[in-house]
Amino acid sequence: MTDDDDLLWNALRVRVAATTSTAAACDATAFATPANVVADGPLATTAGSAAQPLAAAAGSTQVYCFEVSLPRSPTLPSGTTIDALQGRTAAPAWQFAAESD
């Protein structure tokens with residue numbers, strides 16, 4: 001089963017943490033510093049809203065850690081139970097875009 005009505009997509013949450021260290025662990029410690037978290041919220045609306053200024057001419061090295069989770073009590077439409085998410089799949093993908101000032 002896919003997720004044609006975006007029920008699972010809207011229930012999932014995403015967090016993205018950025019660090020300048022290429023040796024940084026991509027685990028809970030990556031999200032421990034609030035300033036490192038560049039996106040946090042529902043996957044359906046948060047993934048496309050993250051923005052981060054970077055220095056020009058390769059002056060910024062960024063490593064991103066992505067965490068996608070299904071909360072214990074996700075936001076679902078009225079009358080929908082969590083059982084409705086059973087068997088659904090979601091395949092998030094991120095596009096990175098840049099613009100120069």
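The structure under discussion appears in the preceding block.
Here is what the cut-offs are and how they apply
Residues numbered from 1 in each chain as written. Predicted model: local features only at pLDDT ≥ 70, side-chain atom pairs only at ≥ 80, totals over all residues. Heavy atoms only, no water. Helix = DSSP H or I, 4+ residues; strand = E, 2+ residues; numbered from the N terminus. Rg over C-alpha atoms; globule rule 2.2 N^0.38 Å. Buried < 20%, exposed > 50% of the residue type's maximum accessible area, 1.4 Å probe, protein only. Areas by Shrake-Rupley, 256 points an atom, 1.4 Å probe, with all protein chains shown as cover. Lys, Arg positive; Asp, Glu negative; His and termini not counted. Charge placed at Lys NZ, Arg CZ, Asp CG, Glu CD. Core = buried A, V, L, I, M, F, W, Y, C linked by side-chain atoms within 4.5 Å. Contact = heavy atoms within 4.5 Å. Disulfide = S-S within 2.5 Å.

Attention now goes to the overall build of the chain. When its secondary structure is counted, the chain shows two helices and three strands. Across the chain, helices and strands are ordered from the amino to the carboxyl terminus as α-β-β-α-β. Since a compact globule built from 101 residues should have a radius of gyration of about 13 Å, the 16 Å found for the chain marks it as more spread out than a globular shape. Each principal axis of the C-alpha atoms in the chain carries an extent, and together these give about 50 × 30 × 20 Å. When the 101 residues of the chain are sorted by exposure, 20% land in the buried category. Approximately 7,000 Å² of the chain is accessible, and the part contributed by carbon and sulfur atoms is 51%. The centroid of the 4 positive side-chain charges in the chain is displaced by 10 Å from the centroid of its 10 negative side-chain charges.

The biggest cluster of nonpolar side chains holds nine residues, and these are Leu-7, Leu-8, Ala-11, Leu-12, Val-14, Val-16, Ala-39, Leu-43 and Leu-85. Those elements giving two or more residues to this core turn out to be α1 (7-11) and β1 (13-19). Of the residues forming this core, the biggest block, three residues, is contributed by α1. Once residues within four sequence positions are removed from consideration, Val-16 is found in contact with Phe-31, Asn-36, Val-37, Val-38, Ala-39, Tyr-64, Cys-65 and Phe-66.

Okay, unusual backbone geometry next. The backbone of Asp-6 sits at a positive phi, close to 60°, despite the residue not being glycine. Counting through the fold element by element, Asp-6 comes out in the segment before α1. For Asp-6, a relative accessible area of 37% corresponds to the partly exposed category.

Another aspect to go through is the state of the cysteines. Covalent bonding between the sulfur atoms of two cysteines defines a disulfide. Within the structure shown, the criterion is met by one disulfide. Disulfide pairing is shown between Cys-26 and Cys-65; the S-S distance is 2.3 Å. On the criterion of sequence distance, the pair formed by Cys-26 in the loop between β1 and β2 (37-42) and Cys-65 in strand β3 (residues 63-69) is long-range, its members being 39 residues apart. The class of Cys-26 is exposed, set by a relative accessible area of 53%. Taking the relative accessible area as the measure of exposure, Cys-65 reaches 2% and is therefore buried.

Function-wise, these values are silent; they only describe arrangement.
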